[in-house]
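Chain by chain, the residues:
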Amino acid sequence: MDKSKRPFLKSKRSFRRRLPPIQSGDRIDYRNMSLISRFISEQGKILSRRVNRLTLKQQRLITIAIKQARILSLLPFLNNEKQFERTESTTRTAGLRARNK
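About the cut-offs
- Residues numbered from 1 in each chain as written.
- Predicted model: local features only at pLDDT ≥ 70, side-chain atom pairs only at ≥ 80, totals over all residues.
- Heavy atoms only, no water.
- Helix = DSSP H or I, 4+ residues; strand = E, 2+ residues; numbered from the N terminus.
- Core = buried A, V, L, I, M, F, W, Y, C linked by side-chain atoms within 4.5 Å.
- Buried < 20%, exposed > 50% of the residue type's maximum accessible area, 1.4 Å probe, protein only.
- Contact = heavy atoms within 4.5 Å.
- pLDDT = per-residue confidence, 0-100.

### Some thoughts on unusual backbone geometry
Right, so step 1: Of note in the backbone geometry, R53 takes a positive phi value of approximately 60° without being a glycine.
Right, so step 2: Tracing the chain through its elements places R53 in the loop between α2 (49-52) and α3 (56-71).

### Some points on the nonpolar core
Right, so step 1: In this structure, I22, L35, I36, F39, I40, L54, I62, A65, I66, A69 and L75 together form the largest nonpolar core, which totals 11 residues.
Right, so step 2: The dominant element in this core, judged by the number of residues it contributes, is α3, at four residues.
Right, so step 3: If we skip the residues at most four places from it in the chain, I62 touches I22, I28, L35, F39 and L54.

### Some points on the confidence of the model for the protein chain
Right, so step 1: For the protein chain, the mean per-residue pLDDT works out to 79, and 63% of the residues sit at or above 70.
Right, so step 2: Taking the mean pLDDT of every element in the protein chain, the minimum, 58, falls on helix α4 (residues 81-100) and the maximum, 95, on α3.

### Remarks on the environment of I28
Right, so step 1: One can find I28 in the segment before α1 (33-36).
Right, so step 2: Judged by relative accessible area, which is 24%, I28 ranks as partly exposed.
Right, so step 3: Separated by 36 residues in sequence, I28 and I64 have C-alpha atoms that sit 9.3 Å apart.
Right, so step 4: Filtering out sequence-adjacent residues up to four positions away, I28 remains in contact with I22, L35, Q58, L61, I62 and A65.

Here you go:
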């Protein structure tokens with residue numbers, strides 16, 4: 001049989017179903033830090049729905065819970081690692097200015 005006349009064959013790859021990130025028993029709440037922290041990036045940003053594999057309703061509830069936790073100071077608004085780097089560099093430059101005088 002010629003290649004052009006072959007019927008379309010489906011690939012035989014097997015897909016493994018991923019488990020949903022939130023089980024039915026999990027409560028989406030601002031106090032549930034172990035659940036909320038899974039949906040925040042290292043920089044402190046809320047991850048997108050595609051990355052989280054959440055439904056629209058779950059993503060909305062997670063976003064509200066994260067924002068409530070930030071307002072109540074349970075979570076930082078952003079990761080402060082960059083801020084510490086800036087303070088170190090300013091102290092060094094202040095020391096150099098003092099030496100030059």
